Amino acid sequence: MSGCRAKKAPAIPVTPKSNYSGPIVVDPVTRIEGHLRIEVEIENGKVKNAWSKPQLFRGLEIILKGRDPRDAQHFTQRACGVCTYVHALASVRCVDDAVKVDIPANARIMRNLVMGAQYLHDHIVHFYHLHALDWWM
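Residues numbered from 1 in each chain as written. Predicted model: local features only at pLDDT ≥ 70, side-chain atom pairs only at ≥ 80, totals over all residues. Heavy atoms only, no water.

1. Quick word on the overall build of the protein chain
Then, in step 1: What the protein chain contains, in helices and strands, is four helices and three strands.
Then, in step 2: Starting at the N terminus and ending at the C terminus, the protein chain contains elements arranged as β-β-β-α-α-α-α.
Then, in step 3: Taking 14 Å as the expected radius of gyration for a compact globule of 137 residues, we find that the protein chain reaches 23 Å, considerably beyond that expectation.
Then, in step 4: Along the longest, intermediate and shortest principal axes, the C-alpha atoms of the protein chain span 75 × 50 × 30 Å.
Then, in step 5: Each of the 137 residues in the protein chain was classed as buried or not, and the buried ones make up 18%.
Then, in step 6: Long-range contacts, defined as pairs at least 24 residues apart, comprise 29% of the intrachain contacts of the protein chain with a sequence gap of at least 6.
Then, in step 7: Here the protein chain has roughly 11500 Å² of accessible surface; of this, 61% comes from carbon and sulfur atoms. (Helix = DSSP H or I, 4+ residues; strand = E, 2+ residues; numbered from the N terminus. Rg over C-alpha atoms; globule rule 2.2 N^0.38 Å. Buried < 20%, exposed > 50% of the residue type's maximum accessible area, 1.4 Å probe, protein only. Contact = heavy atoms within 4.5 Å. Areas by Shrake-Rupley, 256 points an atom, 1.4 Å probe, with all protein chains shown as cover.)

2. Quick look at a nonpolar patch on the surface
Then, in step 1: Together, Ile109, Met110, Leu113 and Val114 make up a nonpolar patch on the protein surface, roughly 360 Å² of accessible area in all.
Then, in step 2: Tracing the backbone shows Met110 in helix H4 (residues 105-135). (Patch = residues over 30% accessible without salt bridge, like charges linked within 9 Å, V, L, I, M, F, W, Y side chains within 5 Å. Salt bridge = Lys/Arg side-chain N within 4 Å of Asp/Glu carboxyl O.)

3. Quick word on the pattern of salt bridges
Then, in step 1: Scanning the entire structure with this criterion turns up eight salt bridges.
Then, in step 2: In this structure, the salt-bridge partner of Glu39 is Lys53, at a minimum N-O distance of 3.1 Å. A residue pair is termed long-range when its members are at least 10 positions apart, and Glu39 in strand S2 (residues 36-43) and Lys53 in strand S3 (residues 46-54) qualify at 14 residues.
Then, in step 3: For Lys53, a relative accessible area of 34% translates into the label partly exposed.

4. What to know about the pairing of S2
Then, in step 1: Both strand S1 (residues 22-26) and S2 contribute to a ladder of five bridges, which runs antiparallel. In the strand pairing of S2, Val25 is matched with Glu39.
Then, in step 2: Bridge analysis of S2 against S3 gives eight bridges, and the strand direction is antiparallel. In the sheet register, Leu36 faces S3, and the bridge partner there is Pro54.
Then, in step 3: Where S2 folds back on S3, the antiparallel hairpin that results is connected by two residues, among which Asn44 adopts a positive phi of roughly 55 degrees. (Pairing = 2+ DSSP bridges.)

5. Concerning the side chain of Asp96
Then, in step 1: By the secondary structure assignment, Asp96 is in helix H3 (residues 84-98).
Then, in step 2: The buried category is assigned to Asp96, whose relative accessible area is 14%.
Then, in step 3: With sequence-adjacent residues up to four places away left out, Asp96 is seen in contact with Val101, Ile103 and Arg111.

6. Some details on H3
An α-helical segment advances 3.6 residues per turn. Residues three or four places apart therefore align on the same side.
Then, in step 1: With 15 residues, H3 ought to run about 21 Å at 1.5 Å a step, and its terminal C-alpha atoms sit 22 Å apart, in line with that.
Then, in step 2: Here H3 has its buried residues at Tyr85, Ala88, Leu89, Ser91, Val92 and Asp96. For H3, the angular spread of buried residues about the axis comes to 165 degrees, placing them on one side. Opposite the buried face of H3, at more than 90 degrees from it, the exposed residues are Cys94, Asp97 and Ala98.
Then, in step 3: Lys100 lies just past H3 and shows a positive phi near 55 degrees. (Expected span 1.5 Å × (residues − 1). Arc of directions from axis to C-beta.)

7. A word on the sheet that holds S3
Then, in step 1: With antiparallel pairing, the three strands of this open sheet are ordered in space as S1-S2-S3. Both edges of this open sheet fall to S1 and S3, since each of them pairs with a single strand only. Sheet twist, expressed as the mean angle between neighbouring strand axes with direction ignored, is 15 degrees. (Axes fitted to C-alpha atoms, helices over the stretch in contact; angles between N-to-C directions.)

These figures come from the coordinates and say nothing about function on their own.
Here it is in structure tokens:
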């Protein structure tokens, strides 16, 4: 054991302190589906206010106006190229609420199963298609 020495622990990075006051704007936020702008107002190095602004108007409300409510799920799921079923289910729930229907337990179970499958698909697509490119060596 002669000559063996314990390694020095790596230094823990410390966030630098700042007295910066002013705006910080990130536009566009990358690696998400859609367009997003983040604005942060800083005062004396601390966040005073923050805004998230979508930069793309899709107009689904206008497209759906005057249509059969059962069409909503087919249009809204195309709002995003990744998480399709999430938008479809949201519109179906809105229609359910509007017509005051209580869905049967089996329908709730089916919706949850499909949502679970969407959850798996969505995470794989987000990691390998949208995020992994940043980590590729």
